[in-house]
Each structure stands twice: as structure tokens, then as C-alpha cells.
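Overview (structure and organization)
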Amino acid sequence: MAAFSNYLETKIAQWLDGTQLPPPTNSLWVALYTAPLDQSNAATNLIGFTTPRVEVATWTVTTASNSSDSSVDASITNTAEIVMTAASNVAATASHFGVFDAVSSGNLLFHGQLASNVVIVSQDAVKFAAGAIVLTIQ
């Protein structure tokens with residue numbers, strides 16, 4: 001299950017109050033973590049991959065008008081497989097993920113717990129199938 005970050009919640013509240021939302025992103029970036037995630041621990045609990053955040057350029061957006069599930073108002077899902085390769089000195093257990101609007105720095109947009117923990121050792125490739133990361137908005 002994924003949740004909006006404090007940053008995104010603030011931007012939505014500001015938009016509702018008449019402030020413009022930030023411009024749309026061209027890509028989103030996924031990273032894995034060893035603990036629950038918020039912006040304050042985004043650097044300290046990050047797992048050391050050869051590329052810490054992996055770009056996911058295409059996502060599928062489903063809305064109530066094109067969903068067969070009447071309980072889903074909207075969702076966003078990764079369209080293609082995501083592959084992350086661990087660096088040579090990595091030994092960690094991933095339990096959470098974060099999705100950001102930039103390859104480094106940037107803003108955490110949403111985050112969640114993995115369905116099951118993933119034990120990562122040196123040079124492992126961690127893969128998420130297309131459709132594996134879903135943010136549902138109800």
C-alpha cells in the first residue's frame with residue numbers, strides 16, 4: 001500500500017487553496033529503503049545501488065471511468081519492468097520504496113511498504129514487474 005508524502009499532501013492542499021501545483025514531472029524515480037520512509041530519512045535509509053534511484057518514465061493512470069473495479073477512483077502503476085542493481089558492497093534488506101520527482105534531491109511524492117522484504121546481497125538485481133508498484137487514490 002502506498003501513501004502520499006507530506007510534500008505532495010501540502011501541494012494538494014495549496015492547490016485547493018488557490019495556489020498552483022508544481023509543473024508535471026517528465027519521469028518518476030524509484031528507490032528502495034531499509035525502513036519506513038519520510039523525507040527526513042530519505043538519504044540515511046537508502047539502499048546502495050549502482051544507481052540509487054531508477055527512472056520510470058512511463059506509468060499507467062486508471063480512473064473510475066476506465067476501471068473495472070468500482071472501488072478504485074484513480075491509480076497510477078508502473079508500465080514497464082523496473083530493474084535495480086546492487087553495488088558490490090551492499091548487503092541489506094529492503095522493506096520500503098519511495099517515488100521521487102528527480103534522480104537526486106528532488107521531492108518524495110509517494111512511498112510504501114513492499115509486499116514482502118527483499119534480501120539484497122552484492123550485485124543482486126532487484127526487479128519489479130510491470131504493474132507491481134501501484135498508488136491507489138480513493
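Quick notes on the rules
Residues numbered from 1 in each chain as written. Predicted model: local features only at pLDDT ≥ 70, side-chain atom pairs only at ≥ 80, totals over all residues. Heavy atoms only, no water. Phe/Tyr/Trp six-rings, centres within 6.5 Å; stacked < 30°, edge-to-face > 60°. Helix = DSSP H or I, 4+ residues; strand = E, 2+ residues; numbered from the N terminus. Buried < 20%, exposed > 50% of the residue type's maximum accessible area, 1.4 Å probe, protein only. Lys NZ or Arg CZ within 6 Å of the ring centre and 35° of its normal. Pairing = 2+ DSSP bridges. Axes fitted to C-alpha atoms, helices over the stretch in contact; angles between N-to-C directions. Contact = heavy atoms within 4.5 Å. Patch = residues over 30% accessible without salt bridge, like charges linked within 9 Å, V, L, I, M, F, W, Y side chains within 5 Å. Areas by Shrake-Rupley, 256 points an atom, 1.4 Å probe, with all protein chains shown as cover. Salt bridge = Lys/Arg side-chain N within 4 Å of Asp/Glu carboxyl O. Core = buried A, V, L, I, M, F, W, Y, C linked by side-chain atoms within 4.5 Å.

1. Let's talk about the packing of aromatic side chains
According to the stated counting rule, one finds 2 aromatic pairs in the structure shown. Considering the side-chain rings of Y33 and F100, the 6.5 Å spacing of their centres and the 40° angle between planes classify their relative orientation as tilted. Here the residue Y33 occupies a position in strand 2 (residues 28-33), and F100 occupies one in strand 7 (residues 92-100), the gap between them amounting to 67 residues. With a relative accessible area of 0%, Y33 lands in the buried category. When the ring of W59 is compared with that of F110, the centres are 6.3 Å apart and the planes differ by 75°; the resulting orientation is edge-to-face. With W59 in strand 4 (residues 59-63) and F110 in strand 8 (residues 108-120), this residue pair connects regions lying 51 residues apart in the sequence. There is no split in this pair, since W59 and F110 are both buried. When the ring centre of F100 is taken as origin, the NZ or CZ atom of R53, which lies over that ring, is 3.6 Å away.

2. Quick word on the sheet that holds strand 1 (residues 2-4)
The 5 strands lie next to each other as 1-8-7-2-3, forming an open sheet whose pairing is antiparallel. Across the chains shown, the open sheet's two edge strands, defined by having one partner strand only, are strand 1 and strand 3 (54-56). Neighbour-to-neighbour, the strand axes of the sheet open up by a mean angle of 30°, direction not taken into account. Alignment of strand 1 against strand 8, held across 3 bridges, turns out to be antiparallel. Across the sheet, A3 pairs through a bridge with H111, a residue of strand 8. Sitting on the sheet, helix 1 (residues 6-16) is in contact with strand 1 and strand 8, with an inclination near 50° to strand 1.

3. A look at a nonpolar patch on the surface
A cluster of nonpolar residues, W15, L16 and L21, forms a patch on the protein surface that exposes about 340 Å² of accessible area. Inspection of the secondary structure puts W15 in helix 1. Note on W15: relative accessible area 49%, which makes it partly exposed.

4. Description of the environment of H96
Here H96 lies in strand 7. Accessibility expressed as a relative area gives 10% for H96, which makes it buried. Along the sequence, H96 and Q113 sit 17 residues apart, while their C-alpha atoms lie 4.2 Å from each other. Contact partners of H96, with chain neighbours within four places excluded, come to A31, L32, Y33, A35, P36, G112, Q113 and L114.

5. Points about the nonpolar core
L32, W59, F110 and I120 are the most contacted members of the largest nonpolar core, which has 28 residues in total. Of all the secondary structure elements, the ones that give two or more residues to this core are strand 2, strand 3, strand 6 (82-85), strand 7, strand 8 and strand 9 (125-128). With residues up to four places along the chain from it excluded, the contact list for L32 reads N45, L46, I47, F49, M84, A94, H96, F97, L114, I120, V126 and F128. One finds A31, Y33, F100 and L108 within the second-largest nonpolar core, a separate group that totals 6 residues.

6. As for the sheet that holds strand 10 (residues 134-137)
Taken in spatial order, the 3 strands line up as 4-5-10 in an open sheet, and their pairing is antiparallel. Two strands lie at the open edges of the sheet, namely strand 4 and strand 10, each paired on one side alone. When strand polarity is set aside, the average angle formed by the axes of neighbouring strands in this sheet is 10°.

It is worth stressing that arrangement in space is one thing and function is another; only the former is reported here.
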